[in-house]
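# Inside the fold
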There are 2 protein chains.
Amino acid sequence: MGRRYDPERRQRIIDAAAAVVRERGIGGLGHRAVAAAADVPLGSTTYHFATLDDLMIAALRQINAEWLAEVEHWVEGVDPAAPPADELARWLGEQLTGDRVRMELEYELYFAALRHEGLRPLAAECLDEMARMLARLMPDAATARAVVALIDGLTLQVLLADRPYDREGTSAALARIMGVDGDNGPPAG
Amino acid sequence: MGRRYDPERRQRIIDAAAAVVRERGIGGLGHRAVAAAADVPLGSTTYHFATLDDLMIAALRQINAEWLAEVEHWVEGVDPAAPPADELARWLGEQLTGDRVRMELEYELYFAALRHEGLRPLAAECLDEMARMLARLMPDAATARAVVALIDGLTLQVLLADRPYDREGTSAALARIMGVDGDNGPPAG
DNA sequence: ATCCCATGCGTACAATCGTACACAACGATG
DNA sequence: CATCGTTGTGTACGATTGTACGCATGGGAT
């Protein structure tokens, strides 16, 4: 009863916008594309999100939340006894070989935030949250930030070069940067 | 013999295209904007670069070359006696506080390459070259790639969040990942 | 029952874009 | 000198875009 207006509609548009970004990138985001994906008329998207920036921010906020939820889910389920570097490297490999698009999305956000002032806080929040969650698995916050940086950089390399993901090398690098010598033999050539 | 006329023309257009990307981002790259920046008529840009992709690739190739030249210049001039982690952290700080736009450009290339197939080799070459050059300062190639990843990730954090650059923390993280214990006290909080 | 207004919808408009094309200028070749 | 092909230029066209606006509708409030 109560809702004088229909919040479902708005959420469906956001979902559709996220889907559009997923498939065509931020450059492909537009009122019409979103309207088609959400199966609503054009006027509906312009009504709920008057400007394109509003739509983009809403879409990226959604994508961001989904990603952070996934990371949090993994962090809470990880075996605290196993060496964190190994677990992290294995999880990263699963993400990279499994849902590659999902990872690209995160960088889509970063990219947009470089130019779009309004997106900067969102990207910053994502990086901070990642570090905060990963801090569970390691000595201190500064290390967690470095780990996030290393993960981001390595992911970028896998996504951009066609080099396959090197799980052992990643694990060794993570172990070194975490200051734990769990299993850092000679880095794999 | 040859060209009395204009190899200059083409290069000037490329320079202008790079300038446009510098100022407005890849999204702002267009025949007209480049023509205006190069002070040539519209037809001139479409003549030398029929499609927009050609123009974009040329611009990013130029940007890429400039960046790699700068890195190479630094690597060749670095003091081989000093601890590499410190030198690297200091240089990175100079880049970040000095010419921030220059660094953003590199990520503009990376992110564009995520969506644009034709740019992938360029981005991959950049990452490989970076690792190859930095390999001078460290034990092996795998470590160099990890260092490149860490640098990329840390740079991203500085560019996206408004956290100031932490030179000592970076130096410590670099030292740890390079396996050298030059000056890695407790990581700065 | 009647009125009001938030919400939804369809269309239209101005601007911008990439690209194509017709023509001008000029150097090289016979 | 005549001719031709390369280079340079201006304009135009079709497509697509963000956004605005007029109108329909349906449920609360009176």
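A brief report on the enclosed structure follows. (Residues numbered from 1 in each chain as written. Chains lettered and ligands numbered in written order. Predicted model: local features only at pLDDT ≥ 70, side-chain atom pairs only at ≥ 80, totals over all residues. Heavy atoms only, no water.)

One finds Leu60, Tyr110 and Leu134 of chain A together with Phe111 and Leu134 of chain B to be the most contacted residues of the largest nonpolar core, which totals 142 residues. Contacts of Leu60 of chain A, omitting those with residues within four sequence positions, involve Val21, Ile26, Leu109, Ala112, Leu119 and Leu122 of chain A. (Core = buried A, V, L, I, M, F, W, Y, C linked by side-chain atoms within 4.5 Å. Buried < 20%, exposed > 50% of the residue type's maximum accessible area, 1.4 Å probe, protein only. Contact = heavy atoms within 4.5 Å.)

Another aspect to go through is unusual backbone geometry. Located in the positive-phi region is Asp39 of chain A, a residue other than glycine, with phi close to 60°. Here Asp39 of chain A shows up in the loop between helix H2 (31-38) and helix H3 (42-48). (Helix = DSSP H or I, 4+ residues; strand = E, 2+ residues; numbered from the N terminus.)

Let us look at the packing of helix H6 (residues 100-115) of chain B against helix H8 (residues 141-160) of chain B. Residues and elements named next belong to chain B. Two numbers describe how H6 lies on H8: the axes approach to 11 Å, and their chain directions differ by 115°. Of the two possible hands of crossing, H6 and H8 adopt the one that is left-handed. Contact residues: Arg100, Met103, Glu104, Tyr107, Tyr110 and Phe111 in H6; Ile151, Asp152, Thr155, Leu156, Val158 and Leu159 in H8. Classifying every residue of the contact of H6 with H8 gives eight nonpolar, one polar and three charged. (Axes fitted to C-alpha atoms, helices over the stretch in contact; angles between N-to-C directions. Left-handed = near helix turned anticlockwise from the far one by under 90°. Nonpolar A, V, L, I, M, F, W, Y, C, P; charged D, E, K, R; others polar.)

So, on to the interface of chain A and chain B. Chain A puts 42 residues into the contact, and the matching count from chain B is 42 residues. In total, about 3,600 Å² of surface goes out of reach between chain A and chain B, with carbon and sulfur atoms giving 62% of it. Summed over the three residues of chain A that lose the most area to chain B, namely Leu114, Arg115 and Leu160 of chain A, the buried surface amounts to 22% of that side. Summed over the shared surface of chain A and chain B, the number is four salt bridges. With a closest N to O distance of 2.8 Å, Glu108 of chain A and Arg115 of chain B form a salt bridge. Linking chain A to chain B there are 11 residue pairs in polar contact (both at pLDDT 80 or more). Where the side of chain A that touches chain B is concerned, the elements lending two or more residues are helix H1 (7-24), helix H6 (100-115), helix H7 (120-134), helix H8 (141-160) and helix H9 (167-177) of chain A. With 14 residues, the single largest contributor to the side of chain A that touches chain B is H8 of chain A. Looking at the side of chain A that touches chain B residue by residue, the classes come out as 24 nonpolar, four polar and 14 charged. (Buried area = accessible area lost by both parts, 1.4 Å probe. Salt bridge = Lys/Arg side-chain N within 4 Å of Asp/Glu carboxyl O. Polar contact = N/O pair within 3.5 Å; in protein donor to acceptor, adjacent residues only side chain to side chain.)

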